[in-house]
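Given next are the chains, with one letter for each unit.
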Amino acid sequence: MARLTRRRLLELSALSGGATLLGGPAASASAATDPHAQGAVVLEPDDPRYGELTTRGHNGRFTGSPDAVHLVASAGQVARAVEEAARARKRVAVRSGGHCFENLVDDPAVRVLIDVSEMTDVSYDPRRRLFAVEAGATLGRVYRTLYLRWGVTLPGGGCPTVGVGGHVAGGGYGALSRRYGLVVDHLHGVEVVVTDRTGRARLVTATRDSTGAERDLWWAHTGGGGGNFGVVTRYLFRTPGATGGPGELLPRPPGAVRSVSLGWQWRDLDRAAFARLLRAHGDWHRRHIGSGSPYGELSSGLTLGHRANGLITVDAALDASHPRAAELLDAFAAALTGPVGAPHTSTTTTTPWLKSVLGGVQWPGGARFKSKSTLLRKPWDDRQIGVLHDHLGRGGEEFATAAVYLTFLGGRINDVPPEATAMAHRDCLFSSVHEALWGDEEQTARQLAWVRDLYRELHADTGGVPVPNDANSGAYVNYPDADLADPRLNTSGVPWSTLYHRDGYERLRRVKERWDPLDLFRHALSVRPAEPASDGADRGPSRGPLPGRSGAQPSSSA
């Protein structure tokens, strides 16, 4: 039996949006009130519970050692924790689901960790006609509650244990995104704890309908990435232009999905057959990228397992109620299997929608991995196909869980203008993830070299990274990769900020300067303030000591 890769364990399909970091729920508690009296928990290293919260990250390469972990229960408690960190000049980070690919949270420099994992409420506000989701909720909780109570959903990622906090901030895509767009295309507002130049914290509500600086703050949370501007406490959702009751205000998922899974064994594919498979896959998807295609609602993912794993798969799904679902999936399968000329397997299933997004084996976390991202405007060319064939056969059994994943984008994602949200990549065909996974620390150097060499060879024509051009759009911020900021690995001369944010980066820098003037929320790939001019990943505070405030009452601004 072929081995399961991390992505197979982690998700039901390759159609996931990643996650990085961010914050929890809003409430009216005072930041000046004692956090313990209000139910907050502050854990230091001598507390036996400390280890539970500092080892929550799913990447076993990184473990944090903050001075304290604040398990917060309200916006007031978030503000209190933020102000304490600002006064003490301590580096702060925020964790929701713990799925960050890099050590943006579990960095040795982080001294205060704000954990929002207990902030999980999902509710409907009839006065404002919107759904409020606390940023500590997992995608699985959001999907289940929205669907069972109101029959609606968000078009987010395929891993139910990912936290909403960072997933939304980076854009958020998943199996329903070709049909309904990104998660942020349905984001009406954010409630976020921010600080001023004195270190005072307050709660701000910024919405799509806001003007001036508040609207910029909303915009920055539609793809700018987590850990940049403050601590999100709640996300507010309503599809633009939606009317009626709660059952009409967000997308409705299908009752069931009909899916086809195609599989090829590496032993049955020579170099020519491998190339025919990838060419057929790329050509078919390029023809059907648009939302007006008969396949405008199709979700599709390709998994290229390492040769030691033995398996290559393609999975695709449609709404089972589509009158031509069976016909369209059969034609899809024939278009991919026919040109290859090699034995394959084909399995068709129909699954209730909620079970399809909540079921399956869950990844327990703790293994080490390294993931690298490319957003593609075109399919891989012949040179890159050759690189993939050769590299996926390089190395022995220890690379059996390495893989490359390709997710079909386009559809409604690309119907939104790039400037409408901070997720600027609105012209992509595929999202590609290149990943190595291993258990023993002894393997780390070899595994990192394997995935870095693959990435560099794929992008050899553009300095080892996916510089935006006619073939590449850049990289996806929800799959953070600190290598992009390393001039030894990124020799393109194009900064990581362009790869992630393209033309939107300067606007993000202005938002950063306005809403996080102390640069309190920062990490290796965070937006740099417009002033003072510096590109240091972890520079020290540039301003004088903060006043010794005892706290501040969060306020709200529309």
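The protein appears in an unreviewed UniProt entry as FAD-binding protein from Streptomyces roseolus. You can read under Sequence similarities (unreviewed entry) in the UniProt record for the protein the words "Belongs to the oxygen-dependent FAD-linked oxidoreductase family." Per its UniProt entry, the protein bears the Cofactor (unreviewed entry) comment "FAD".

As for its placement among the helices and strands, Leu249 is situated in the loop between β9 (231–237) and β10 (256–265). Leu249 sits in the buried class, given a relative accessible area of 0%. The sequence separation of Leu249 and His186 amounts to 63 residues, and the corresponding C-alpha distance is 9.2 Å. In this view, Leu249 contacts Tyr124, Arg129, Phe131, Arg238, Thr239, Ala242, Thr243 and Gly244; residues no more than four positions away in its chain are not counted.

Note on sheets: strands pair through backbone hydrogen bonds, and any given pair is parallel or antiparallel. In space, the four strands of this open sheet follow the order β1-β2-β4-β3, with mixed pairing throughout. The open sheet terminates on both sides in strands that have one partner only, identified here as β1 (41–43) and β3 (92–95). Here the average twist between neighbouring strands, direction ignored, is 20 degrees. Relative to strand β4 (residues 112–115), strand β2 (residues 68–71) runs parallel, the two being bridged by four bridges. Within β4, the position partnered with His70 by the bridge is Ile114.

Considering every residue of the protein, the mean pLDDT works out to 89; 87% of them sit at 70 or more. Across residues 1–37 the pLDDT falls below 50, and counting only partners more than four positions away or on other chains, this stretch makes 167 contacts in the model. Contacts from residues 533–558, a stretch scored under 50 in pLDDT, to residues over four places away or in other chains number 80 contacts.

The subject of this paragraph is unusual backbone geometry. Positive phi, close to 50 degrees, is recorded for Arg502, a residue that is not glycine. A relative accessible area of 18% places Arg502 in the buried class. The residue Asp519 is not glycine, and still its phi comes out positive at about 55 degrees. Note on placement: Asp519 falls in the segment after α14 (505–515). With relative accessibility at 7%, the residue Asp519 sits in the buried group.

In this structure, Phe131, Leu146, Tyr235 and Phe237 are the most contacted members of the largest nonpolar core, which totals 75 residues. When neighbours within four sequence positions are excluded, Phe131 is seen to be in contact with Ser123, Tyr124, Leu146, Trp150, Val152, Tyr235, Leu236, Phe237, Pro246, Leu249 and Leu250.

Inspection of the secondary structure puts His459 in the loop between α12 (444–458) and β17 (472–474). Take His459: its relative accessible area is 3%, and that puts it in the buried class. Contact partners of His459, with chain neighbours within four places excluded, come to Thr374, Arg383, Gln384, Gly464, Val465, Pro466 and Asn472.

Rules and cut-offs
Residues numbered from 1 in each chain as written. Predicted model: local features only at pLDDT ≥ 70, side-chain atom pairs only at ≥ 80, totals over all residues. Heavy atoms only, no water. UniProt positions renumbered as here; feature names shortened; annotations may be inferred. Helix = DSSP H or I, 4+ residues; strand = E, 2+ residues; numbered from the N terminus. Buried < 20%, exposed > 50% of the residue type's maximum accessible area, 1.4 Å probe, protein only. Contact = heavy atoms within 4.5 Å. Pairing = 2+ DSSP bridges. Axes fitted to C-alpha atoms, helices over the stretch in contact; angles between N-to-C directions. pLDDT = per-residue confidence, 0-100. Core = buried A, V, L, I, M, F, W, Y, C linked by side-chain atoms within 4.5 Å.

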